Amino acid sequence: MRPIAAMLLLAILALAACQREERDTRPQSALGSGEQPTPVTTLEPGGQRPSPTDNKAASFEANAFHLSEGKRLFGWFNCSGCHANGGGGMGPALMDEKWIYGSSMESIHATIRDGRPNGMPSFRDKIPDDQIWELAAFVRSLSGNAPSSAAPSRNDDMMAHPSENRMPDAATLGKSP
Amino acid sequence: MKRLASIAFATAIALFLQGCAGWQSALDPKGPAASELAWLIWFFTGLCAVVWVLVMIALAIPLMMRSRVRAEPLVLDAGADSRKLRVVITAVGLTAVILVGLTLLSFFANRTLAAIGSDAVLTIRVTGHQWWWEVRYEDATPSRILTTANEIHIPAGEPVRLLLTSTDVIHSFWVPSLSGKLDLIPGRMNVLDIKADKPGVYRGQCAEFCGAQHANMGTFIIAEPRAKFDAWWNDQLQPAAEPMSDEAKAGEDLFLKRPCVMCHKIGGTPAGGTVAPDLTHVASRQTLAAGTLRMSRGNLAAWIADPQGVKPGSHMPVVQLNGDELNAIVAYLEGLK
């Protein structure tokens with residue numbers, strides 16, 4: 001009796017390995033959803049700026065497919081032209097712990113969608129909204145803010161920095177506080 | 001009855017082989033490389049068939065013969081043994097000769113293939129992408145370098161050198177009517193020389209599994225007389241045609257304002273993306289999406305409205321457009337001859 005129970009348990013455990021990440025190959029076509037205006041100053045009545053929230057952030061953040069699509073689009077749309085592989089150039093660095101407009105997915109999404117003062121253009125009409133979410137998720141992975149099990153691994157060609165799944169958390173540099 | 005069956009069988013074989021003719025068949029060669037390979041295919045198949053039949057007969061003979069029980073199994077029959085030994089040695093010798101012979105044939109065929117492009121008049125860089133072909137005509141004059149997609153025009157009767165590479169995964173370039181297949185490998189340049197004897201359209205296909213839409217990664221080699229080819233090249237170098245109607249003009253504006261502009265290039269406009277097929281003369285091509293759809297107004301609209309329905313997994317996203325916007329963009333693209 002006992003061996004049968006053990007086999008059954010093993011079989012159930014093995015079945016658990018069949019769980020696979022959902023891959024959304026038919027992203028929504030909408031342009032610039034989530035009509036939350038991007039604040040242009042840090043001055044807010046009451047002193048506390050409400051942070052925008054969107055339930056899409058959670059579904060894109062730790063999804064390996066979306067992160068790798070974000071990496072592809074980052075290259076295709078020439079983000080490196082200003083942000084230089086995340087190291088920063090004409091635009092600010094994306095791989096450090098400094099976030100001018102906050103580190104949340106929602107504010108990175110708003111930055112790409114609506115643009116920001118001093119150079120960041122608006123891509124509201126140029127990139128389908130789901131692709132903006134993919135880009136935002138990838139940008140977070142540049143500073144080690146994505147789970148290493150989901151973040152893209154090494155490139156096929158020369159790399160400017162360690163692969164995203166090996167990037168230390170920029171805020172702690174991998175050290176525990 | 002037997003006669004009828006054999007006639008039916010011969011007809012069936014003939015009809016079956018008929019399927020091997022046409023614009024994509026290694027058994028219907030239209031160029032020197034493919035002829036060489038087709039000859040090899042037939043010779044190898046024929047010789048192997050003969051050997052197979054002989055082996056089957058040799059196996060069948062002892063099976064049919066009634067076994068004789070030797071009177072004295074322990075007494076050696078020197079004559080019979082040496083006869084058997086001779087048969088085995090002859091068979092082994094013949095096998096060795098045939099194998100070496102076939103190897104030599106294959107070697108000399110390869111030499112012929114390698115010699116085709118020694119005096120190539122034209123160099124074309126073919127880059128594989130998931131799931132389309134980028135085609136770049138090299139020229140010493142930079143202003144005559146031409147980039148197009150999926151359709152490769154070549155002058156008929158002249159050897160052409162193809163430089164094959166890839167940007168994502170391994171693909172393989174195979175136009176069976178003209179040549180054997182050769183892989184497109186990221187970070188490596190492979191060289192394939194082709195020549196089409198006569199003008200015509202020859203279909204090619206990616207021959208290395210490269211992802212979800214591997215089957216829909218077709219290409220066309222269009223061989224034309226030299227004068228027609230030169231005229232085609234000069235036409236393709238021109239910037240895109242100006243939109244003729246108000247609708248097409250609106251379509252151009254939309255193309256430049258919407259996500260299309262992020263990836264595609266249209267010469268003569270600010271659209272300069274290089275990660276998707278060049279659309280400067282898209283309507284002059286015969287098919288859309290690497291041989292997936294025939295070029296027509298309806299298919300253009302279907303492809304733009306729902307690329308993920310036509311070619312699931314392709315990198316062209318579904319873009320939100322209303323009916324008027326879609327019609328305008330299609331009217332514009334349709335005019336890009």
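Residues numbered from 1 in each chain as written. Chains lettered and ligands numbered in written order. Predicted model: local features only at pLDDT ≥ 70, side-chain atom pairs only at ≥ 80, totals over all residues.

As for helix α2 (residues 32-64) of chain B
Residue and element names in this part refer to chain B. In this model, α2 (33 residues) spans 48 Å end to end at C-alpha, consistent with the 48 Å of a helix rising 1.5 Å per residue. Those residues of α2 lying buried are P32, A33, A34, E36 and L37. On its buried face, α2 is in contact with α3 (78-115) and β8 (190-194). (Helix = DSSP H or I, 4+ residues; strand = E, 2+ residues; numbered from the N terminus. Expected span 1.5 Å × (residues − 1). Buried ≥ 20, exposed ≤ 12 C-beta atoms within 10 Å, placed from the backbone. Contact = placed C-beta atoms within 7 Å.)

What to know about the interface of chain B and chain A
Facing the 16 residues of chain B at the interface are 15 residues of chain A. Per-element accounting of the side of chain B that touches chain A gives the leading share, 3 residues, to helix α6 (residues 260-263) of chain B. Residue composition of the side of chain B that touches chain A, grouped by class: 10 nonpolar, 4 polar and 2 charged. (Nonpolar A, V, L, I, M, F, W, Y, C, P; charged D, E, K, R; others polar.)

Observations concerning the packing of helix α7 (residues 297-305) of chain B against helix α9 (residues 323-334) of chain B
Residue and element names in this part refer to chain B. Where α7 meets α9, the closest approach of the two axes is 10 Å, and the angle between their N-to-C directions is 125°. Considering their axes alone, α7 and α9 lie oblique with respect to each other. Handedness of the crossing formed by α7 with α9: right-handed. For the pair α7 and α9, contact is made by R297, L300, A301, I304 and A305 and by L326, I329, V330, L333 and E334, respectively. (Axes fitted to C-alpha atoms, helices over the stretch in contact; angles between N-to-C directions. Parallel < 35°, antiparallel > 145°, perpendicular 65-115°, else oblique. Left-handed = near helix turned anticlockwise from the far one by under 90°.)

A look at the packing of helix α5 (residues 105-114) of chain A against helix α6 (residues 129-142) of chain A
Residue and element names in this part refer to chain A. Where α5 contacts α6, the axes come no closer than 9 Å and their chain directions differ by 120°. Classed by the angle they form, the pair α5 and α6 counts as oblique. For the crossing formed where α5 meets α6, the hand is right-handed. Facing α5, whose interface residues are M105, I108, H109, I112 and R113, α6 presents I132, W133, L135, A136, A137, V139 and R140. A per-class count over the contact of α5 with α6 returns 9 nonpolar, 1 polar and 2 charged.

A look at the nonpolar core
Counting residues in hydrophobic clusters, the biggest one holds 54 residues, and the most contacted among them are B:V126, B:L162, B:L178, B:I221, B:I329, B:Y332 and B:L333. Broken down by element, this core gets its largest block of residues, 6 residues, from α9(B). Counting residues domain by domain, this core receives three or more from each of domain 1 (23-64 + 79-232) and domain 2 (246-334) of chain B. Setting aside residues up to four positions removed in sequence, B:V126 forms contacts with B:W133, B:V135, B:L162, B:L163, B:L164 and B:F173. Among the nonpolar cores identified, the runner-up in size contains 25 residues, and A:L67, A:W133, A:F138 and A:M167 belong to it. (Core = buried A, V, L, I, M, F, W, Y, C linked by C-beta atoms within 7 Å. Domains from an automatic or database assignment.)

Side note on the sheet that holds strand β9 (residues 200-206) of chain B
All names here are of chain B. Strand order in the open sheet formed by 5 strands is β4-β10-β9-β6-β7, with mixed pairing between adjacent strands. Single-partner strands in this sheet number two, and they are β4 (151-155) and β7 (182-184). Averaged over all pairs of adjacent strands, the angle between strand axes in this sheet comes to 25°, irrespective of strand direction. (Pairing = 2+ DSSP bridges.)

A few points about the domain arrangement of chain B
Residue and element names in this part refer to chain B. When its domains are assigned, chain B resolves into domain 1 (23-64 + 79-232) and domain 2 (246-334). Averaged C-alpha coordinates put domain 1 and domain 2 at centres separated by 34 Å. With 17 residues of domain 1 in contact, the opposing surface of domain 2 contributes 14 residues. Elements that contribute at least two residues to the side of domain 1 that touches domain 2 include exactly β2 (132-137), β3 (146-149) and β10 (218-224).

Focus on α7(B)
All names here are of chain B. Among the residues making up α7, those that are buried are L300, W303 and I304. All buried residues of α7 lie within an arc of 95° about the axis, which places them on one face of the element. On its buried side, α7 packs onto β11 (287-288), β12 (293-294), α8 (307-310) and α9. (Arc of directions from axis to C-beta.)

A look at the environment of A:A146
Residue and element names in this part refer to chain A. With respect to the helices and strands, A146 occurs in the segment after α6. The exposure class of A146 is buried, given the 25 C-beta atoms found within 10 Å. C-alpha of A146 to C-alpha of F65: the two residues are 81 residues apart in sequence and 13 Å apart in space. When neighbours within four sequence positions are excluded, A146 is seen to be in contact with E61, A62, L67, A137, R140, S141, A151 and E164.

A closer look at the sheet that holds β3(B)
Residues and elements named next belong to chain B. Within the open sheet, the 5 strands sit side by side as β3-β2-β1-β5-β8. Their pairing is mixed. Edge positions in the open sheet fall to β3 and β8, since each of these has one partner strand only. With direction set aside, neighbouring strand axes in the sheet form an average angle of 25°. Sheet topology note: the strand β1 (residues 122-129)/β2 ladder contains 6 bridges and is antiparallel. Pairing of H129 across the sheet is with W132, part of β2.

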